[in-house]
Amino acid sequence: MDERKAALIFKAFCDENRIHILRMLTSGEKCACKLLEELNVTQPTLSHHMKILCDSGVVVGRKEGKWMHYSISETGGKAAVDLVKELTTTQSGCSNGSCCEK
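This structure is a prediction, so every number in the text was calculated from the model and none was measured. All residue numbers refer to position in the chain's written sequence, counted from 1. Selection of residues for local features in this predicted model requires a pLDDT of at least 70, selection of side-chain atom pairs for listing and counting requires 80 or more, and totals for whole chains, interfaces and linings are taken over all residues. Heavy atoms from the whole structure form the basis of all side-chain values; hydrogens and water molecules are not counted.

1. Quick look at the overall build of the chain
Move 1: Under the DSSP-based scheme used, a helix requires at least four consecutive residues in state H or I and a strand at least two consecutive residues in state E, with every element numbered from the N terminus. When you go through the chain residue by residue, the secondary structure sums to 5 helices and 3 strands.
Move 2: Ordered by position in the sequence, the α and β elements of the chain form the string α-α-β-α-α-β-β-α.
Move 3: Its C-alpha atoms give the chain a radius of gyration of 18 Å, more than 25% over the compact-globule value 13 Å for 102 residues.
Move 4: Expressed along its principal axes, the backbone C-alpha trace of the chain runs to roughly 65 × 20 × 20 Å. Only C-alpha atoms enter the radius of gyration, while the globule expectation follows 2.2 Å times N to the 0.38, with N the number of residues.

Written as structure tokens, this is what we have:
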């Protein structure tokens, strides 16, 4: 995964409201109106958070009538988990062999 996509994923997780939204979505798809009620934010603020979550790929949205319905993307969630594992797993040995020789 390239650094730009990785940064979008981490951006999705670096705000308290977005974490709250993700926790709400763990029980299944939610209409934006339900998210608005729970978060006590304005509609433009919710839209901003949802754009960041959707841009990361962790959340997907679908339009039904005048409302958007959001859910956690299974593939986006897996990509986020894989990214954290990739960035926190150390690899043994040197890439060019010269860093350990002194």
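Once the structure has been displayed, the description carries forward.
2. So, the sheet that holds strand 2 (residues 59–64)
Move 1: The 3 strands lie next to each other as 1-3-2, forming an open sheet whose pairing is antiparallel. Where the open sheet ends on each side, the last strands, each with one partner, are strand 1 (30–31) and strand 2.
Move 2: Any two strands with at least two DSSP bridges between them are considered paired. Relative to strand 3 (residues 67–72), strand 2 is paired through 6 bridges, and the arrangement is antiparallel. Looking across to strand 3, one finds that Arg62 is bridged to His69.
Move 3: Should any heavy atoms of two residues lie within 4.5 Å, those residues are counted as being in contact. Simply put, an axis is a line fit to the C-alpha atoms, just over the touching stretch for a helix, and the angle between two N-to-C directions goes from 0 to 180 degrees. Those strands touched by helix 4 (residues 43–56) are strand 2 and strand 3, and its axis lies near 120° from that of strand 2.

3. Considerations on the nonpolar core
Move 1: Counting 20 residues, the largest nonpolar core has Ile21, Leu35, Leu46, Met50, Leu53, Val59 and Tyr70 as the members making the most contacts within it.
Move 2: Elements supplying a minimum of two residues to this core: helix 1 (3–12), helix 2 (16–25), helix 3 (32–39), helix 4 and helix 5 (74–88).
Move 3: Residue contacts for Leu46: discarding those within four places in its chain leaves Ile21, Ala32, Leu35, Leu36, Leu39 and Val41. Residues belong to one nonpolar core when they are buried, are Ala, Val, Leu, Ile, Met, Phe, Trp, Tyr or Cys, and are joined through side-chain atoms within 4.5 Å. Only protein chains enter the calculation, and the probe is 1.4 Å; a residue is then buried if its accessible area is under 20% of its type maximum, exposed if over 50%, and partly exposed in between.

4. Quick look at a nonpolar patch on the surface
Move 1: Residues Phe10, Val84 and Leu87 make up a contiguous nonpolar surface patch of roughly 270 Å² in combined accessible area.
Move 2: In this structure, Phe10 sits in helix 1. Only residues whose relative accessible area exceeds 30% and that take part in no salt bridge are eligible for patches, with like-charged residues grouped when within 9 Å of each other and nonpolar side chains (Val, Leu, Ile, Met, Phe, Trp, Tyr) grouped when within 5 Å. What sets the accessible areas is the Shrake-Rupley method with a 1.4 Å probe; for residues, cover comes only from the shown protein chains. Salt bridges are counted wherever a side-chain nitrogen of Lys or Arg sits within 4 Å of a carboxyl oxygen of Asp or Glu.

5. Some words on the pattern of salt bridges
Move 1: Here the structure, examined in full by the defined rule, presents 5 salt bridges.
Move 2: Glu37 is the partner of Lys34 in a salt bridge, and the nearest nitrogen-oxygen pair spans 4.0 Å. Here Glu37 and Lys34 lie together in helix 3, a separation of 3 residues that amounts to about one turn.
Move 3: Overall, the relative accessible area of 44% leaves Lys34 in the partly exposed class.
Move 4: A salt bridge links Asp82 to Lys78; its shortest N-O distance comes to 2.7 Å. Placement of the pair is Asp82 and Lys78 together in helix 5, with a separation of 4 residues, close to one helical turn.
Move 5: Since its relative accessible area comes to 33%, Asp82 is described here as partly exposed.
Move 6: Judged by its relative accessible area of 51%, Lys78 falls in the exposed class.
Move 7: One network of salt bridges, in which partners are shared, links Glu29, Arg62 and Glu64.

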